[in-house]
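Results of the structural survey
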Amino acid sequence: MMDVFVYFKGQLGIPISEIEDELDELFEEFGEVTGAGSGVQGSNIDIELEDTSLSDQEILALLKKCFDKFKVYPLAEVKIEERRYRDGSLIT
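So, a few notes on the structure that sits alongside this text. Values in this document were obtained by computation on a predicted structure and should not be read as measured data.

Before going further, it helps to examine the overall build of the chain. A tally of regular secondary structure across the chain gives 2 helices and 6 strands. Secondary structure of the chain in N-to-C order comes out as β-α-β-β-α-β-β-β. Computed over its C-alpha atoms, the radius of gyration of the chain comes to 12 Å, within 12% of the 12 Å expected for a compact globule of 92 residues. With the principal axes as the frame, the chain shows a C-alpha extent of 35 × 25 × 20 Å. For the chain, the residues scored as buried account for 39% of the 92 residues in total. Taking the contacts inside the chain whose residues are at least 6 apart along the sequence as the reference set, 60% of them involve residues at least 24 apart. When the accessible surface of the chain is split by element, carbon and sulfur atoms take 46% of a total near 5300 Å².

Below you can see the structure in the form of structure tokens.
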């Protein structure tokens, strides 16, 4: 099992459920979206992957496909296990 957490800073301008539904479709053969939420400071989506053979770059490519569709890529930070990414680049 592999956990992926997506954090969006600020307001998205669209309901988080639209992004959640798109990610659920993109990741359906690898796992599932297990939660999402939003508040004053931002939003988050949690994804649990059963297929742990995906590389970080493959996961980021799937996420970017969704983020580009909704024009939220610049707002996103992604945590895959203990590794954090912003704009597709490792930050920790």
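Buried residues of helix α1 (residues 16–26): I16, I19, E22, L23 and L26, and no others. The buried side chains of α1 occupy one side of the element, clustering within an arc of 130° when seen end-on.

As a further point, take the sheet that holds strand β4 (residues 76–80). Pairing is antiparallel in the open sheet, where 6 strands are placed in the order β2-β3-β1-β4-β5-β6. Strands at the two margins of the open sheet, each flanked by one partner only, are β2 (31–38) and β6 (89–90). One ladder, built from 4 bridges, connects β4 with strand β5 (residues 83–86); its direction is antiparallel. Bridged to K79 within β5 is R84. Helix-sheet contacts for α1 involve β1 (2–9), β2 and β3 (42–49), and the interaxial angle to β2 is about 170°. Contacts from helix α2 (residues 56–70) reach β1, β3, β4 and β5 within the one sheet, and its direction differs from that of β4 by about 150°.

Glancing now at the packing of aromatic side chains. This structure, assessed with the given rule, holds 1 aromatic pair. An angle of 80° between the planes, with centres 5.4 Å apart, marks the rings of F8 and F67 as edge-to-face. In this pair, F8 is assigned in strand β1 and F67 in helix α2, connecting sequence segments 59 residues apart. One exposure class covers both F8 and F67, and it is buried.

Rules and cut-offs
Residues numbered from 1 in each chain as written. Predicted model: local features only at pLDDT ≥ 70, side-chain atom pairs only at ≥ 80, totals over all residues. Heavy atoms only, no water. Helix = DSSP H or I, 4+ residues; strand = E, 2+ residues; numbered from the N terminus. Rg over C-alpha atoms; globule rule 2.2 N^0.38 Å. Buried < 20%, exposed > 50% of the residue type's maximum accessible area, 1.4 Å probe, protein only. Contact = heavy atoms within 4.5 Å. Areas by Shrake-Rupley, 256 points an atom, 1.4 Å probe, with all protein chains shown as cover. Arc of directions from axis to C-beta. Pairing = 2+ DSSP bridges. Axes fitted to C-alpha atoms, helices over the stretch in contact; angles between N-to-C directions. Phe/Tyr/Trp six-rings, centres within 6.5 Å; stacked < 30°, edge-to-face > 60°.

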